[in-house]
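# Secondary and tertiary structure notes
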Amino acid sequence: MFNREEELKKLPDKPGVYLMHDKTDEIIYVGKAVNLKNRVRQYFQKSRNVTPKIARMIDRIAWFEYIVTDSELEALVLECNLIKEHSPRYNTMLKDGKSYPFLKATVQEAYPRLLFARQMKRDGCKYFGPFTSGKAIRDTIELVNQLFHLRNCHRVLPRDFGKERPCLYHEIGQCPAPCQGNVPQEEYRENFDKALRFLQGDTKSVLKELEEKMMQVSAEMKFEEAAQYRDLIQSVKQVTERQKITSEDWEDRDIVAMAREKEDAVVQVFFIRGGKMLGREHYYLTGTLEESDSAVLSAFVKQMYAGTPYIPKEIWLEQAIEDEEAILQWLSVKRGRKVYFRYPQRGQKERMLELAKRNARMVLLKDAEKLKEERARTIGAMEEIQRLLGLAGLNRVESYDISNINGFETVGSMVVFENGKAKKNDYRKFRIRSVSGPDDYGAMREMLTRRFEHSRREGLSELDSFRNLPDIIFMDGGKGQVNIAEEVLLNLDISIPVCGMVKDDHHRTRGFYFHNEEIPIDTHGQGFRLITRIQDETHRFAIEYHKQIRSKTQVHSILDDIPMIGATRRKALMRTFDSLEDIRQASEEELLEIPEMNAQAARAVVQFFKEKE
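An account of the accompanying structure is given in this report. (Residues numbered from 1 in each chain as written. Predicted model: local features only at pLDDT ≥ 70, side-chain atom pairs only at ≥ 80, totals over all residues. Heavy atoms only, no water.)

### Some words on unusual backbone geometry
- That bond from L157 to P158 is cis: its omega, 10 degrees, falls within 30 degrees of zero.
- Counting through the fold element by element, P158 comes out in the loop between α5 (134–148) and α6 (168–171).
- Of note in the backbone geometry, S87 takes a positive phi value of approximately 45 degrees without being a glycine.
- Within the secondary structure layout, S87 lies in the loop between α4 (72–86) and β4 (93–94). (Helix = DSSP H or I, 4+ residues; strand = E, 2+ residues; numbered from the N terminus.)

### Some points on the sheet that holds strand β3 (residues 63–68)
- In spatial order, the strands read β2-β1-β3; together these three strands make up an open sheet with antiparallel pairing. Each of the sheet's edge strands pairs with one partner strand only, and the pair in question is β2 (27–33) and β3. Within this sheet the neighbouring strands show an average axis-to-axis angle of 20 degrees, counted without direction.
- Bridge count for strand β1 (residues 16–21) against β3 is six bridges, and the pairing is antiparallel. Residue pairing in the sheet places M20 in a bridge with F64 of β3.
- Strand contacts of α4: β1, β2 and β3, with the helix running at about 165 degrees to β2, the strand carrying the most contacts. (Pairing = 2+ DSSP bridges. Axes fitted to C-alpha atoms, helices over the stretch in contact; angles between N-to-C directions. Contact = heavy atoms within 4.5 Å.)

### Things to note about a nonpolar patch on the surface
- A contiguous nonpolar surface patch, about 320 Å² in accessible area, is contributed by L168, Y169 and I172.
- Position of I172 relative to the elements: it lies in the loop between α6 and α7 (185–199). (Patch = residues over 30% accessible without salt bridge, like charges linked within 9 Å, V, L, I, M, F, W, Y side chains within 5 Å. Areas by Shrake-Rupley, 256 points an atom, 1.4 Å probe, with all protein chains shown as cover. Salt bridge = Lys/Arg side-chain N within 4 Å of Asp/Glu carboxyl O.)

### Overview of α7
- With 15 residues, α7 extends 21 Å from end C-alpha to end C-alpha; this agrees with the ideal 21 Å at 1.5 Å per step.
- Along α7, the positions that sit buried rather than exposed are Y188, N191, F192, A195, L196, F198 and L199. Seen end-on, α7 carries its buried residues on one side only, within an arc spanning 155 degrees. (Expected span 1.5 Å × (residues − 1). Buried < 20%, exposed > 50% of the residue type's maximum accessible area, 1.4 Å probe, protein only. Arc of directions from axis to C-beta.)

### Some words on the state of the cysteines
- As enumerated under the stated definition, the model contains zero disulfides in all.
- C167 takes part in no disulfide bond, and the closest cysteine sulfur, belonging to C175, lies 5.4 Å away.
- We classify C167 as partly exposed; its relative accessible area is 28%.
- With no disulfide of its own, C179 lies 5.6 Å from the sulfur of C153, the closest cysteine sulfur. (Disulfide = S-S within 2.5 Å.)

### A look at the nonpolar core
- Counting residues in each nonpolar core, the largest one holds 32 residues, and the members touching the most others are L103, L114, V144, L147, F148, L150 and L210.
- Broken down by secondary-structure element, the contributors of at least two residues to this core are β5 (102–105), α5, α7, α8 (204–219) and α9 (223–242).
- In this structure F148 touches N191, K194, A195, F198 and V206, once residues within four positions along its chain are discounted. (Core = buried A, V, L, I, M, F, W, Y, C linked by side-chain atoms within 4.5 Å.)

### Regarding the pairing of strand β10 (residues 264–273)
- With ten of ten residues buried, β10 is to be regarded as a mostly interior element.
- On β10, burial covers both faces: D264, V266, Q268, F270 and I272 on one face and A265, V267, V269, F271 and R273 on the other are all buried.
- Judged from the nine bridges that link them, strand β9 (residues 253–261) and β10 form a sheet pairing that is antiparallel. Considered in β10, the bridge of D254 is made with F271.
- Here β9 folds back onto β10 in antiparallel fashion, the turn holding two residues, of which K262 has a positive phi close to 55 degrees.

### What about the pairing of β9?
- Of all nine residues in β9, seven are buried, a share of seventy percent or more.
- Inspection of the sheet shows β9 paired to strand β12 (residues 314–316) by three bridges, in the parallel sense. Paired with D254 across the two strands is I315, which belongs to β12.

### Re the pattern of salt bridges
- What the rule picks out here adds up to 35 salt bridges.
- Two residues, E72 and K32, come together in a salt bridge whose shortest N-O distance is 3.0 Å. One end of the pair, E72, is in helix α4; the other, K32, is in strand β2, with 40 residues separating them in the sequence.
- Here the salt bridges do not stand alone but share partners, grouping R396, E398, E418, K423, D426 and R451 into one network.

### Focus: helix α17 (residues 567–576)
- Inspection of α17 places R569, R570, A572 and L573 among the buried residues, and these make up the whole buried set. Buried residues of α17, seen end-on, are gathered within an arc of 160 degrees and therefore sit on one face of the element. Structural note: α17 exposes T568, K571 and R575 on the side pointing more than 90 degrees away from its buried face.
- If you follow the buried residues of α17, they end up packed against α18 (580–585), α19 (588–592) and α20 (599–612).

### Describing the packing of aromatic side chains
- Tallied over the entire structure, the rule returns ten aromatic pairs.
- Here Y111 and F161 contribute two aromatic rings whose centre-to-centre distance is 5.8 Å and whose plane-to-plane angle is 75 degrees, an arrangement assigned as edge-to-face. Taken together, the positions of Y111 in the loop between β5 and β6 (114–117) and F161 in the loop between α5 and α6 put the pair 50 residues apart, joining distant regions of the chain.
- A relative accessible area of 4% places Y111 in the buried class.
- Taking the ring centre of F452 as reference, the NZ or CZ of R451 above it sits at 4.6 Å. (Phe/Tyr/Trp six-rings, centres within 6.5 Å; stacked < 30°, edge-to-face > 60°. Lys NZ or Arg CZ within 6 Å of the ring centre and 35° of its normal.)

Here you go:
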């Protein structure tokens with residue numbers, strides 16, 4: 001049993017990270033502290049004024065744990081990792097999990113190449129980026145290969161000289177086929193070095209060289225070749241024009257600005273590389289209500305740069321952020337060189353920051369209605385269901401369904417929704433083992449028992465989603481399904497509310513079955529729409545799994561297990577009787593009325609089902 005007062009006394013006077021858990025063991029908040037004892041104790045001081053958000057979090061804390069570190073920097077790094085891993089609901093969270101691609105130059109190879117890369121690694125290659133558009137990188141690689149006659153094959157040269165025929169790029173005149181040994185290594189390396197200078201912004205010399213070649217071949221009446229040079233010149237100019245020059249220096253920097261409206265926040269980032277703006281991106285933040293601008297920006301910077309391999313030399317911000325010194329130290333260690341925060345106040349730099357802020361405002365304004373609708377159909381829908389059922393704190397929902405055909409290959413599905421959104425990584429499939437025939441209740445009992453027994457195993461990995469118990473269980477049915485679920489939970493001594501989704505005669509949901517009574521639901525509300533989505537997704541997932549099983553085993557039913565019953569007689573039985581239960585109840589005389597049946601086959605059917613009883 002967790003004794004809060006005793007645990008508070010044990011807190012050390014050291015830096016570290018603390019994790020707050022609720023009664024289901026879910027991590028609801030992760031924070032760092034220079035002094036764990038002082039920081040964690042503050043949450044439980046009655047005299048301390050806290051925001052309503054923190055007050056709600058404190059009410060949900062069932063227990064806490066902490067990890068001691070050697071320094072505030074280590075605590076910061078650990079905090080970033082844990083927030084990314086657990087996505088605690090009371091932390092300010094960066095919604096976008098984007099990763100940005102790089103252009104990779106394999107400078108260590110004898111005949112180097114330009115490649116598209118998703119990650120920057122310590123592999124001896126030179127990287128350009130990150131870029132915000134994968135298409136922009138591929139277009140750039142195609143253009144540079146064409147300009148400087150570089151190869152784009154995966155052959156290892158010079159080892160593979162002459163092993164295969166030249167590729168199509170050689171046939172159309174875009175590659176001089178170094179794979180055949182046609183190009184001396186020194187000449188190829190010289191062209192590659194020119195390509196690198198071009199990528200670093202030296203486009204003037206390239207344009208000059210191309211124009212000279214165009215004029216030369218034009219004078220020699222080689223007009224088709226001159227047209228190719230003309231097109232290349234136009235491509236280079238377009239690439240140059242797309243790169244808006246933002247400063248006279250060649251520094252790499254990110255310009256970060258934020259716009260907020262009530263609980264909505266958008267951060268706009270301009271990516272400046274080598275003095276040129278390569279792109280921009282906006283990010284949505286959740287959990288910002290009642291947080292200061294400084295705290296929100298601090299959370300953004302930590303999560304943004306924890307997830308990117310490239311850190312620029314400078315990050316421009318509107319204002320100082322919380323934990324500024326520790327974050328700068330962390331970024332500098334991550335980059336391998338000093339990183340600076342800048343706060344432009346006037347001139348061109350201030351105007352660039354204002355431009356980023358203006359863009360953030362535009363995104364917020366444009367998407368405000370969309371964000372409002374998204375919140376209504378997810379979090380708002382869950383709140384509507386909470387009010388209807390008289391519950392609070394519903395976040396994780398699990399829904400279950402059974403699928404089979406004539407009792408064969410019964411499978412179960414578990415679908416998970418969190419904050420009104422499908423969490424597909426936590427979906428699970430069950431192949432029912434202990435039930436034969438069309439026994440949906442028995443199959444449901446097995447599936448739920450396996451699911452919740454698994455959650456109680458010792459030593460479960462943190463990545464195992466079965467560790468996380470739901471706040472409520474939705475059963476795709478009424479009283480019978482609910483009773484099965486409650487019986488399983490009671491046997492395992494687990495307390496989770498179970499709610500049935502009751503259908504009308506047209507198989508449409510008309511209300512909830514909860515606490516032994518039917519509760520009607522507004523069929524025009526967001527709560528009803530969310531329930532419909534959960535139901536549809538549970539059915540889809542179960543049926544999809546059953547189709548996979550059927551595709552492996554071909555068409556099969558329990559009838560195939562009866563001696564003397566082949567495909568023809570099976571089809572005849574299913575055509576004559578409405579259900580498997582009708583076949584089970586049929587007498588030998590009734591079975592013999594089917595033309596395809598004989599006395600031996602009819603006797604085999606009756607005997608088979610008698611043995612199953």
